[in-house]
Amino acid sequence: MTTSATSGTGGPTENSLRRALRRARDGVSLDASEAAVLLQARGEHLTDLSASAARVRDAGLDAAGRPGVITYSKSVFVPLTRLCRDKCHYCTFVTVPGKLRRAGHGMFMSPDEVLDIARKGAALGCKEALITLGDKPEDRWPEAREWLDAHGYDDTIAYVRAISIRILEETGLLPHLNPGVLSWTDFQRLKPVAPSMGMMLETTATRLWSEPGGPHHGSPDKEPAVRLRVLEDAGRSSVPFTSGLLIGIGETYEERAESLFALRKVARAHHGIQELIIQNFRAKPDTAMRGMPDAELDELVATVAVARLVLGPTACLQAPPNLVDAEYGRLIAAGVDDWGGVSPLTIDHVNPERPWPQIEELAEQSRAAGFELRERLCVYPEFVRRGEPWLDPRLRPHVAALADPETGLARPDALPRGLPWQEPDEAFTASGRTDLHRTVDTEGRTGDRRGDFDEVYGDWEALREAAAPGMVPERIDTDAREALRTAADDPTKLTDAQALALLHADGPALDALCRVADDVRKSAVGDDVTYIVTRNINFTNVCYTGCRFCAFAQRRTDADAYTLSLEQVADRAAQAWDVGAVEVCMQGGIHPDLPGTAYFDIARAVKERVPGMHVHAFSPMEVVNGATRTGLSVREWLTSAKEAGLDTIPGTAAEILDDEVRWILTKGKLPAATWIEVVETAHELGIRSSSTMMYGHVDQPRHWLGHLRTLASVQQRTGGFTEFVTLPFVHTNAPVYLAGIARPGPTVRDNRAVTAMARLLLHPWIPNIQTSWVKLGAEGAAEMLRSGANDLGGTLMEETISRMAGSSYGSYKSVKDLIEVAEAAGRPAQPRTTLSSKVPKERRRAAEASDGHLPELLPVLD
């Protein structure tokens, strides 16, 4: 039988094959061209290659503490729906509504049908419910949309989430989800209900998708770039993820090697690929590819061996045992360490003609090769032992009930039983530092970085490679003098090239730019410098999102970690009201124990204690976190938050609205498009927001321009932004700086240029440009007031985030302090409300009497 893979170079020479084999024996890292050569090893060369791969596998198993162990998962296969919007030319899993109706089936399996399978599996000792389905069937099939509507689900993902919760609660099986292509937001929705998920990459050969006749032609979800983005988003979301290759579908050896290296890149960047499946193509009748030859066993063995060498000893490699005609020994010899899911109850619905082997047979075949067969869970033991952030707190009891705490493997004697799927108890128990505000710099932490610095943020070396292209400055040829004339005449007519030239301005050109911006400021909002008497309340700093610029986030066990109770939040709001505050600004870390409704409780607690206080709270990241935890849409969640007392939201979590930069700065924060979706939805609901930009890290002026253009575009659509806030990057304790990737914050030139260009590029849509005294200090803020800014922000009273990042400009300013900053710029100062209206006389008198000072800072613990 001939193979369906070909070499773009006509096959390797004997010398090149021997050289690559020698490098493999010596443990030298392979490149893609060497991997392509080794994929073609046959006969004695393949035996040699397999031996090298097996040595790498064995070293990994020794390091993992399970030498000589091959794993499998005892599972049931749940084909939740066989409808799909894709048209893969080799697939028999997918069908059409008419065939389902004729067979007496619904468009989706009903909950009763799913739970019947799960209960029978639990009785047989299965611990995994493998939920497989087609991609977004409602986008193609009206019948799927009608079924979802009739049963009360917004989309297929909502049904997957709901049925997963029922499986957890009623059977105790752990859902492993294969719903196809997922967005970042989809991962947030599903992570709380499933300890692991998966999607095969299959191949990175774009031509197999783009060219007519290719196996993936006409399938939007099989575009390689889309599928790689899913793998990246899984890693960013800390989801233990299974992926792999489908070999023999028409790819060349070079393309197959490139696919392996693409998987390695994702695995190294995020440490989230728990397992790679190497699956051999099997032609099926009644498909467009029924005449294609099967991928022969040597193809599979060689690919497994090369995958092991490329991915290394820590990778977990699986080859489906029902697709290899009992040739288990050859796969073990080539480096597999897992047999995947094996069911004593259900068939393999993707390959229904290939029955699962008996578990006893797998154990015997593994034993014959010198290995012990051990059962694992759907989530791999490494991730069971890692715990947070890889396992959601709501899933911890379900996983702990089935897992051996020492090995992370399945407990052989454990029988699944349903457990409540619920939020952790005592979410608002006060804990942590009593005097963090004053002693963050002198007590608690013993070094400049966390103990898990080299693991929690992803692979620093991969980040350096990813960051390097974006940090290269561009050559600017546009005449700055002509750009200045346009800016002075009508800033709205500035072209991108002109704006970029001005963002690079220095010396006399920068001085002229700031004068123009200051003139535009004066004509737009006058000379008054505004400020607000406000209090920051950061209700927790426990967070596992993995933002690489943030020194505020702490693990729950860290010395500087804290969480406020609802009463303490309300106490702080009341104290602020007493000294003249008109607003509390409340944000916190993404604490894994806080339920999605916690934000409603926080807003309600403040409003009940201080009805007149404006609640400015919850960044777009917190909004998405709340929505996904509750299962509500962003619109529904914001509506409920507004009913609970939320007035406006801060436009933080924006950083730079360019994913090229965002994915360097942060591991798990929301993408730019989702940030925009949240703020636009808020504006549509009458919840206004500020807007922000954090700059001076791994960005360049072209990123600032794109960010400001995006904000202007949103404002023209919604009119919901109250102001724009410049946030210079504070580098001192930022992980991305400590790792040697980011710059040490913006220069004075950068600050002046950004402030001036914000004034010009956002004119006339966002009239209020705010500078940050907490990041720039009093002198720096005064300079920005001469460069186009008109607002100093708030008194803050108790600022923690910038302080923990290393800012040396204090945690509060009195009213007199802010007036002095304005006077240093030669301007009068006036208090304002959040929405830039006049402050009531009673509030002004209270602020003047106290000078905006708190009498004392309340401790975290009494």
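See the structure printed just above.
Draft legend 1. Region of the structure containing the nonpolar core. Core analysis: the biggest nonpolar cluster contains 134 residues, and M586 and W675 have the highest contact counts within it. Those residues in contact with W675 that lie beyond four places of it in its chain are P620, G651, T652, A653, A654, L657, L670, L711 and F721. Core analysis: the second largest hydrophobic core is formed by 119 residues, I70, A129, A305 and Y380 among them.

Draft legend 2. The packing of helix 11 (residues 253-270) against helix 12 (residues 297-311), seen in detail. It is the contact of helix 11 with helix 12, at a shortest axis distance of 10 Å, that shows an interaxial angle of 35°. As for how helix 11 packs across helix 12, the hand of that crossing is right-handed. Contacts between helix 11 and helix 12 involve Y253, R256, L260, F261, L263, R264 and R268 on the former and, on the latter, E299, T303, V306, A307, V310 and L311. By residue class, the composition of the contact of helix 11 with helix 12 is 8 nonpolar, 1 polar and 4 charged.

Draft legend 3. Broad picture of the pattern of salt bridges. In total, this model carries 58 salt bridges according to the counting rule given. One salt bridge connects R166 with E170, and the closest N-O pair in it is separated by 2.8 Å. Taken together, the residues span about one helical turn, with R166 and E170 both in helix 7 (residues 156-170) at a distance of 4 residues. The network of salt bridges with common partners includes R42, E251, R256, E296 and E299.

Draft legend 4. Local environment of helix 7. Over its 15 residues, helix 7 extends 21 Å from the first C-alpha to the last, a length consistent with the 21 Å expected when each residue adds 1.5 Å. Regarding helix 7, the residues found buried are T156, I157, A158, Y159, V160, R161, I163, S164, I165, I167 and L168. Where helix 7 ends, the next residue or the one after it, G172, has phi of about 85°, a positive value.

Draft legend 5. Representation of the side chain of N790 within the structure. Mapped onto the elements of the fold, N790 is located in the loop between helix 32 (773-785) and strand 19 (791-794). Of the residues examined, N790 reaches a relative accessible area of 2% and is grouped as buried. In this structure the side chain of N790 is engaged in a polar contact, spanning 3.1 Å, whose partner is the side chain of N768. Aside from chain neighbours lying at most four places away, what touches N790 is R521, V525, D528, V529, T530, R759, P767, N768, I769, L785 and R827.

Draft legend 6. Molecular detail of the environment of E798. Its place among the elements puts E798 in the loop between strand 19 and helix 33 (801-805). The buried category is assigned to E798, whose relative accessible area is 12%. Measuring from C-alpha to C-alpha, the distance between E798 and N536 comes to 5.7 Å, with 262 residues separating the pair along the chain.

Draft legend 7. Quick peek at the packing of aromatic side chains. In the structure shown here, the tally under the stated rule is 17 aromatic pairs. Taken together, a centroid distance of 5.0 Å and an interplanar angle of 70° make the contact between Y599 and F618 edge-to-face. Within this pair, whereas Y599 is found in helix 24 (residues 598-609), its partner F618 is found in the loop between strand 15 (614-617) and helix 25 (620-630), the two being separated by 19 residues in sequence. Overall, the relative accessible area of 2% leaves Y599 in the buried class. Here Y695 and W704 contribute two aromatic rings whose centre-to-centre distance is 5.8 Å and whose plane-to-plane angle is 70°, an arrangement assigned as edge-to-face. For W704, a relative accessible area of 1% puts it in the buried group. Ring pairs connect the aromatic residues F539, Y599, F600, F618 and W637, which therefore count as one cluster. Against the face of F383 rests R386, its NZ or CZ located 4.2 Å from the ring centre.

Conventions we followed
Residues numbered from 1 in each chain as written. Predicted model: local features only at pLDDT ≥ 70, side-chain atom pairs only at ≥ 80, totals over all residues. Heavy atoms only, no water. Core = buried A, V, L, I, M, F, W, Y, C linked by side-chain atoms within 4.5 Å. Buried < 20%, exposed > 50% of the residue type's maximum accessible area, 1.4 Å probe, protein only. Contact = heavy atoms within 4.5 Å. Axes fitted to C-alpha atoms, helices over the stretch in contact; angles between N-to-C directions. Helix = DSSP H or I, 4+ residues; strand = E, 2+ residues; numbered from the N terminus. Left-handed = near helix turned anticlockwise from the far one by under 90°. Nonpolar A, V, L, I, M, F, W, Y, C, P; charged D, E, K, R; others polar. Salt bridge = Lys/Arg side-chain N within 4 Å of Asp/Glu carboxyl O. Expected span 1.5 Å × (residues − 1). Polar contact = N/O pair within 3.5 Å; in protein donor to acceptor, adjacent residues only side chain to side chain. Phe/Tyr/Trp six-rings, centres within 6.5 Å; stacked < 30°, edge-to-face > 60°. Lys NZ or Arg CZ within 6 Å of the ring centre and 35° of its normal.

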